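# Chains, contacts and geometry: an overview
Now for the letters of each chain:
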Amino acid sequence: MAETTPGTLASSYRSHTCGELRAADAGSPARLAGWVHRRRDHGQLIFLDLRDRYGITQVVIDEGDSPAAHASAARVRNEFVVAVAGTVARRLPGTENPRLPTGDIEVQAGAITILNESKTPPFYVNEPDAPIDEALRLKYRYLDIRREPMAARLQLRSRLVQAIREVHHVHGFVEVETPNLIKATPEGARDFIVPSRLQPGEVYALPQSPQQLKQLLMVAGVDRYFQIARCFRDEDLRGDRQPEFTQLDLEMSFVDQDTVMDFVETMIIDVSRATVPDRPVQDVPLPRLSYEEAMTRYGSDKPDLRFGMELVDLGPALRGADGQPTSGFRVFDETLASGGVVKAIVAPGMAGASRRETDELVELAKRFGAHGLVHLAVEDAGSVKTPIAKFIGDDGAERLAGEAGATPGDLVLVVADRPKVAHDVLGRLRVELGLRLGLADESALAYCWVYGFPMYEWDDELGRWHATHNPFSGVLPEDEPLLVTASGDPAKPSPDDPAGRARAMQYDVVLNGWELGGGSVRIWRRDLLERSLALQGHSFEGMREKFGAMLEAFDYGAPPHGGIALGIDRWAALFSNQTNIREVMAFPKTQSGSDLMLEAPSVPEPEQLAELGLRFVGVKPGKAPAVNPESAT
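Description of the structure in this document. (Residues numbered from 1 in each chain as written. Predicted model: local features only at pLDDT ≥ 70, side-chain atom pairs only at ≥ 80, totals over all residues. Heavy atoms only, no water.)

## So, the packing of helix α4 (residues 148–170) against helix α14 (residues 568–575)
Rule in force here: Orientation is described by lines fitted to C-alpha atoms, with helices fitted over the stretch in contact, and by angles between N-to-C directions that extend from 0 to 180 degrees. A run of H or I in DSSP counts as a helix once it spans at least four residues, and a run of E counts as a strand once it spans at least two, with each numbered from the N terminus. Throughout, the term roughly parallel applies to angles under 35 degrees, roughly antiparallel to angles over 145, roughly perpendicular to angles from 65 to 115, and oblique to all others. With the far helix as reference, a near helix turned anticlockwise by less than a right angle produces a left-handed crossing, and one turned clockwise produces a right-handed crossing. The criterion used for residue contact is that any of the two residues' heavy atoms lie within 4.5 Å. All amino acids are sorted into three groups, where Ala, Val, Leu, Ile, Met, Phe, Trp, Tyr, Cys and Pro are nonpolar, Asp, Glu, Lys and Arg are charged, and the leftover types, Gly among them, are polar.
Where α4 meets α14, the closest approach of the two axes is 10 Å, and the angle between their N-to-C directions is 120°. Taken as axis vectors, α4 and α14 run oblique relative to one another. Considering how the two elements wind past one another, α4 and α14 form a crossing that is right-handed. Contacts between α4 and α14 involve Leu156, Arg157, Leu160, Val161 and Ile164 from the former and Ile568, Asp569, Trp571, Ala572 and Phe575 from the latter. Residues belonging to the contact of α4 with α14 are distributed by class as follows: eight nonpolar, no polar and two charged.

## Remarks on the environment of aspartate 497
For the record, the criterion: Whether a residue is buried, partly exposed or exposed follows from its accessible area with a 1.4 Å probe, protein chains only, as a fraction of its type maximum: under 20%, in between, or over 50%, in that order. As used in this structure description, the phrase polar contact means that two N or O atoms lie within 3.5 Å; if the pair is within protein, one of them must be able to donate a hydrogen and the other to accept it, and residues adjacent in sequence are counted only when both atoms belong to side chains.
Assignment of secondary structure puts aspartate 497 in the loop between β19 (464–467) and β20 (506–511). Taking the relative accessible area as the measure of exposure, aspartate 497 reaches 2% and is therefore buried. Each C-alpha atom, one on aspartate 497 and one on tryptophan 458, is 9.7 Å from the other, the two residues being 39 residues apart in sequence. If near-sequence neighbours (up to four positions away) are discounted, aspartate 497 is found in contact with Trp465, Val484, Thr485 and Ala486. At a separation of 3.0 Å, a polar atom in the side chain of aspartate 497 contacts the side chain of tryptophan 465.

## Quick look at unusual backbone geometry
Cis geometry marks the peptide bond from valine 284 to proline 285, where omega comes out at 0°. Note that proline 285 resides in the loop between α6 (257–275) and β11 (288–290). The residue after alanine 600, namely proline 601, is reached through a cis peptide bond having omega 0°. The residue proline 601 is located in the loop between α14 and α15 (606–612) in this model. Of note, the phi angle at glutamate 79 is positive, near 75°, even though the residue is not glycine.

## Focus: the environment of aspartate 25
Relative to the assigned elements, aspartate 25 resides in the segment before β1 (29–42). Separated by 63 residues in the primary sequence, aspartate 25 and valine 88 place their C-alpha atoms 6.3 Å from one another. A polar side-chain atom of aspartate 25 sits 2.8 Å from the main-chain amide nitrogen of arginine 22.

Structure follows, in structure tokens:
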């Protein structure tokens, strides 16, 4: 192998990286630089494991051969930054380290230079599995990133973004950067605002997404746009949310819903195979589920398809020939008579669950919103045990278990309620039990599409409709006549409006039970956008104030267009089997939105406030405005 590293990695400090040398390099000179991963002092011999981003190489310093280097090595401690010059040698037989790619060789050092010393770190950098309090990791994030797990996840994220860019360029997309100082618009979450010094009393907003800007690029004729966009939302945080995050944002002109979904599906498959080739995409082409189908089969609009346990409708087994409820169990019969449903899931192998375990499931169902939970255990001999046997009889219990598709050893869990409640409760129980029972293949990438969402949801508190995704989503052409109120006056909406039955040209991409992203074919006509905004409670004056640029742009010829936004942070987290996006972000915030490392947010200097004409007067008590966390995609 040549003495210098190919490309630009070689410098005056190193000829090779710490992950590069192999047995074929034995006898060659080498210069390495990095951090001391471990130090072992055996008297005349000192061993250093030298680490950089690329790997670890063992360095040996023999006092008899290099007394000056040995004296320097005697001062070295973990995390010192050092440069080493010496000769590559094969390790003695039996001392090789098969866990390291460089494990067949070592560098016999003739010189060691200490480039920088290190204090004792607050946690072990060289123990990847050591339990470390997350607050400590975030405060010393620059040390945490030295650890192999974090370094590997950031490199995976880099490969993900590279693959995204390559696929889009191949398919004719133009990468366009949009501004981070924009006008505040109601897109679902609270804006972060930035006071303007040059226009006192006025503010910019940081973008929740580039939604309006990418649509304006379509009016501008860009045709195919994409961006790795930084976005900002001032909302309560959880494992899959941060106040600032990154999304793949794209928009396409002269497309219908299938055209957008077809491209995105191709892109997703190509990116997955390029980034994590060892993780199979479970189903190609990706399954496509209507919103109604997803809810009735899985109880969720983001179903995890890595396992079955689908919801089963027990209604047919509980009705007589005349269609009337005849189970004998009042809860079931009254629910069905009032238009509700009785549905179940089957937990495989859980028939032997203890009383404590079944009580825990009942309490869990109640926390999810159910009034109760009925369970039926199918024993090995085929008989069925259930607390409601005295109402439905042994035959009724066996009929229900059979209708649910249960086999000996299974536990049937039943909820009777309004469809929305029953689906939601069973969907959440399904996810909980799927995880507990280890039913999901952790290596699989189970993507799917969910489409055909309701256009609007009624807001009882505000007395108006709001968009289920974002205010600009298009409506299915056949449902366009429904975008009206029952009163005929857009300013007087009600829950009975025809608009409540309208379906949007919206679609979500789901991966392993997470919403990876969502999008839609947009409204591209001014008159239709004004109708939709009016249903959402905007006066004509208000919509011109908030969305004037886009409304005016539509007067100059807007093409049919649609797009999607996918969460880069969520994608990287799912690729690396993490449940918290902080684990794939270099410098994230805490659950309270704090940066422990930089100690932000912080109190501004008085001069800063004075320059902006601001002073802090405290926060008025009161309820925060409603937030739709799934909007603005």
